[in-house]
Amino acid sequence: MAEQTPKQLLHLVFGGELSDLSNVQFKDLESLDIVGIFPDYASALAAWRGKAQQTVDNAAMRYFIVHMHRLLDPQT
């Protein structure tokens, strides 16, 4: 019986310092931290938590998880 690989649900984790805490507008787009692209939500969440914990002392620093699989296939 052939093994079936799990469906890739790609997620991007990135962050940066916000110019205003009430909006998602970055202070400097050149300095965005691209953490990486992950094959599932669980691994993306682990990476997000790690980066968020590292920058907990900077209130303006925010990290986000983007569900890339939804952008690639908006029907699902």
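Let's shift gears to the packing of aromatic side chains. Evaluation of the coordinates by the stated rule reveals three aromatic pairs. Seen in terms of ring centroids, Phe26 and Phe64 are 6.1 Å apart; in terms of plane orientation they differ by 90 degrees. Their pairing is edge-to-face. On the criterion of sequence distance, the pair formed by Phe26 in the loop between strand 1 (11–17) and strand 2 (33–38) and Phe64 in strand 3 (residues 61–67) is long-range, its members being 38 residues apart. Looking at Phe26, the relative accessible area reads 15%, which means it is buried. Take Phe64: its relative accessible area is 25%, and that puts it in the partly exposed class. An aromatic cluster of three or more residues is present, and its members are Phe14, Phe26 and Phe64.

What follows covers the side chain of His11. Inspection of the secondary structure puts His11 in strand 1. For His11, a relative accessible area of 2% corresponds to the buried category. Reaching out from His11, the side chain makes a polar contact with the side chain of His67 at a distance of 3.0 Å. Sequence-distant contacts of His11, that is, excluding residues within four places in its chain, are made with Gly36, Ile37, Phe38, Asp40, Tyr41, Ala44, Ile65, Val66, His67, Met68 and His69.

The subject of this paragraph is the pattern of salt bridges. Side chains carrying opposite charge are able to pair once their charged atoms draw close together. Scanning all chains against the criterion turns up two salt bridges. Residue Lys27 is joined to Glu17 by a salt bridge in which the shortest nitrogen-to-oxygen separation is 3.5 Å. Placement of Lys27 in the loop between strand 1 and strand 2 and of Glu17 in strand 1 is noted, with a sequence separation of 10 residues between them. The closest approach of N and O atoms between Asp33 and Lys51, which form a salt bridge, is 3.2 Å. Here Lys51 lies in helix 1 (residues 41–54) and Asp33 lies in strand 2, a separation of 18 residues in the sequence.

Now for the side chain of His69. In this fold, His69 is placed in helix 2 (residues 68–72). Judged by relative accessible area, His69 falls into the buried class, the value being 16%. Setting aside its immediate chain neighbours within four residues, His69 contacts Leu9, Leu10 and His11.

For the rest of this paragraph, the subject is the nonpolar core. By size, the foremost hydrophobic cluster in this structure holds five residues: Leu12, Phe14, Leu18, Phe26 and Met68. Not counting the four nearest positions on each side in its chain, Phe26 is found in contact with Phe14, Gly15, Gly16, Glu17, Leu18, Ser19, Leu32 and Phe64.

What counts, and where the lines are drawn
Residues numbered from 1 in each chain as written. Predicted model: local features only at pLDDT ≥ 70, side-chain atom pairs only at ≥ 80, totals over all residues. Heavy atoms only, no water. Phe/Tyr/Trp six-rings, centres within 6.5 Å; stacked < 30°, edge-to-face > 60°. Helix = DSSP H or I, 4+ residues; strand = E, 2+ residues; numbered from the N terminus. Buried < 20%, exposed > 50% of the residue type's maximum accessible area, 1.4 Å probe, protein only. Polar contact = N/O pair within 3.5 Å; in protein donor to acceptor, adjacent residues only side chain to side chain. Contact = heavy atoms within 4.5 Å. Salt bridge = Lys/Arg side-chain N within 4 Å of Asp/Glu carboxyl O. Core = buried A, V, L, I, M, F, W, Y, C linked by side-chain atoms within 4.5 Å.

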